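Listed below, chain by chain, are the residues.
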Amino acid sequence: MIASYKDIVGWFEWEGLYDMAVEKTKHNGAWCCEVGVFMGKSFAFLYDTLKRAGIAKPVLYAVDTFEPECSHHEDVIKEYGRGNLYTSFKMNMQDLGIWDHIKVVKMSSVEAAKEINHNFCFVFIDAAHDYESVKSDLAAWWPKVTQGGIFAGHDYFQPHAGVKQAVDEFAEHKGLKLEFMDSCWLINKQ
């Protein structure tokens, strides 16, 4: 049984970014979206952070295909998961008592961006890591970030991923200031 986000298997070292994003955007409606949730470790922390900030009913979207991205992910799911990736995520959120309070969109990032008719004060991208996928994710989700909101993502510093190139090109093309915090890239939408 999962009692805390810390009990969920996954990669998460950007607590400070989520704390800052929630503090900065909590007065703008607290609509947040995490694209690429794996088994829900960072997602559960984000939900908890929103609740600790005094937001009674945060609107939090989890977007994922719930298909392992690589053989390493498959191995982690086999060893630590609770069935497949979707079942693992769902059971983890149920254990934490938040399943009925979140919106789960089981589809590709780009398709989800087309389907969701809301804007968000915080969007975090951590889905596929190849250049073309990241480039598509950035283009699809940027319009969904409200003015004054935060657009961020993970794996910028991973040399094997295409994240850095896609993010650099996106920021340069749009004339945006790129910042870094807790191993993540971020852009404040002004």
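Right above here is the structure, for reference.
Treat the numbers as computed from the prediction; the structure is a model and nothing was measured.

Draft legend 1. Just the overall build of the chain, in detail. When its secondary structure is counted, the chain shows 7 helices and 7 strands. A compact globule built from 190 residues would reach a C-alpha radius of gyration of about 16 Å, and the chain, at 15 Å, matches this within 12%. Across the 190 residues that make up the chain, the buried fraction comes to 48%. Restricting the contact set of the chain to residue pairs at least 6 apart, pairs at least 24 apart contribute 76%. Approximately 9100 Å² of the chain is accessible, and the part contributed by carbon and sulfur atoms is 49%. Of the side chains in the chain, 19 bear a positive and 27 a negative charge, and the two mean positions are spaced by 8 Å.

Draft legend 2. Quick look at the packing of aromatic side chains. Inspection of the entire model under this criterion finds 26 aromatic pairs. Centre to centre, the rings of Phe-66 and Phe-89 are 5.4 Å apart; their planes meet at 50°, and the pair counts as tilted. A residue pair is termed long-range when its members are at least 10 positions apart, and Phe-66 in the loop between strand E2 (59–64) and helix H3 (71–80) and Phe-89 in helix H4 (residues 85–95) qualify at 23 residues. Like Phe-89, Phe-66 is buried. Over the ring of Tyr-86 we find Lys-106; its NZ or CZ atom is 4.6 Å from the centre of that ring.

Draft legend 3. Spatial organisation of the environment of Met-107. Mapped onto the fold, Met-107 is located in the loop between strand E3 (103–106) and helix H5 (109–115). The spatial distance from the C-alpha of Met-107 to the C-alpha of Glu-67 is 9.7 Å, given a sequence separation of 40 residues. Setting aside its immediate chain neighbours within four residues, Met-107 contacts Val-63, Asp-64, Thr-65, Ala-112 and Glu-115.

Draft legend 4. Fine view of unusual backbone geometry. Of note, the phi angle at Phe-66 is positive, near 60°, even though the residue is not glycine. Relative accessible area serves as the criterion here: at 3%, Phe-66 is assigned to the buried category. Residue Asp-182 is not a glycine yet carries a positive backbone phi of 50°. Within the secondary structure layout, Asp-182 lies in the loop between strand E6 (179–181) and strand E7 (184–188).

Draft legend 5. Focus on the nonpolar core. Counting residues in hydrophobic clusters, the biggest one holds 39 residues, and the most contacted among them are Tyr-18, Phe-89, Met-93 and Phe-122. It is helix H2 (residues 41–52) that provides the largest number of residues to this core, a total of 6 residues. Those residues in contact with Phe-89 that sit more than four places away from it in its chain are Val-37, Phe-38, Met-39, Gly-40, Phe-43, Ala-62, Phe-66, Trp-99, Ile-102 and Val-104. Among the nonpolar cores identified, the runner-up in size contains 28 residues, and Val-134, Trp-141, Val-163 and Ile-187 belong to it.

Draft legend 6. Region of the structure containing the environment of Ala-21. Along the polypeptide, Ala-21 turns up in helix H1 (residues 15–25). For Ala-21, a relative accessible area of 0% gives the class buried. Separated by 28 residues in the primary sequence, Ala-21 and Thr-49 have C-alpha atoms spaced 9.7 Å apart. Ignoring any residue separated from it by four or fewer positions in sequence, one finds Ala-21 in contact with Phe-122 and Ile-150.

Draft legend 7. Examining the sheet that holds E6 more closely. Strand order in the open sheet made by the 7 strands is E3-E2-E1-E4-E5-E7-E6, with mixed pairing throughout. The open sheet has two edge strands with one neighbour each: E3 and E6. Strand-to-strand twist of the sheet, defined as the mean angle between neighbouring strand axes without regard to direction, takes the value 20°. Most of the contacts of helix H6 (residues 131–141) go to strand E4 (residues 120–125), to which it runs at about 175°, and overall it touches strand E1 (31–35), E2, E4, strand E5 (145–154) and E7.

The rules we used
Sequence order sets the numbering: in each chain, residues are counted from 1 along the sequence as written. Local features in this predicted model are restricted to residues whose pLDDT is 70 or higher, and side-chain atom pairs enter the listing and the counts only when it is 80 or higher, whereas totals over whole chains, interfaces and linings include all residues. To get the side-chain values, take all heavy atoms of the structure and skip hydrogens and water. Helix and strand assignments follow DSSP, with helices taken as H or I runs no shorter than four residues and strands as E runs no shorter than two, numbered in order from the N terminus. For the radius of gyration, the atom set is restricted to C-alpha positions; the globular benchmark scales as 2.2 Å times the number of residues to the power 0.38. The buried label applies to any residue whose accessible area, calculated with a 1.4 Å probe on protein chains only, is under 20% of its type's maximum; exposed applies above 50%, and partly exposed to all values in between. Whether two residues are in contact is decided by their heavy atoms, any of which lying within 4.5 Å being enough. Accessible surface area values rest on a Shrake-Rupley calculation with a 1.4 Å probe, where residue burial reflects the displayed protein chains alone. Charge assignment in this entry is limited to Lys and Arg as positive and Asp and Glu as negative, and neither His nor the chain termini are counted. Every charge is mapped onto a representative atom, which is NZ of Lys, CZ of Arg, CG of Asp or CD of Glu. Classification of ring pairs rests on two measures: the distance between centres of Phe, Tyr or Trp rings, Trp counted by its six-membered ring, which must be within 6.5 Å, and the angle between planes, read as stacked under 30 degrees, edge-to-face over 60 and tilted in between. Our definition puts a charge over a ring when NZ of Lys or CZ of Arg is within 6 Å of the ring centre and also within 35 degrees of the ring normal. Buried Ala, Val, Leu, Ile, Met, Phe, Trp, Tyr and Cys residues that are joined via side-chain atoms within 4.5 Å together make up what is termed a nonpolar core. At least two bridges found by DSSP between two strands is the condition for calling them paired. Every axis in this analysis is a line fitted to C-alpha atoms, fitted for helices over the stretch in contact. Angles between the N-to-C directions lie between 0 and 180 degrees.

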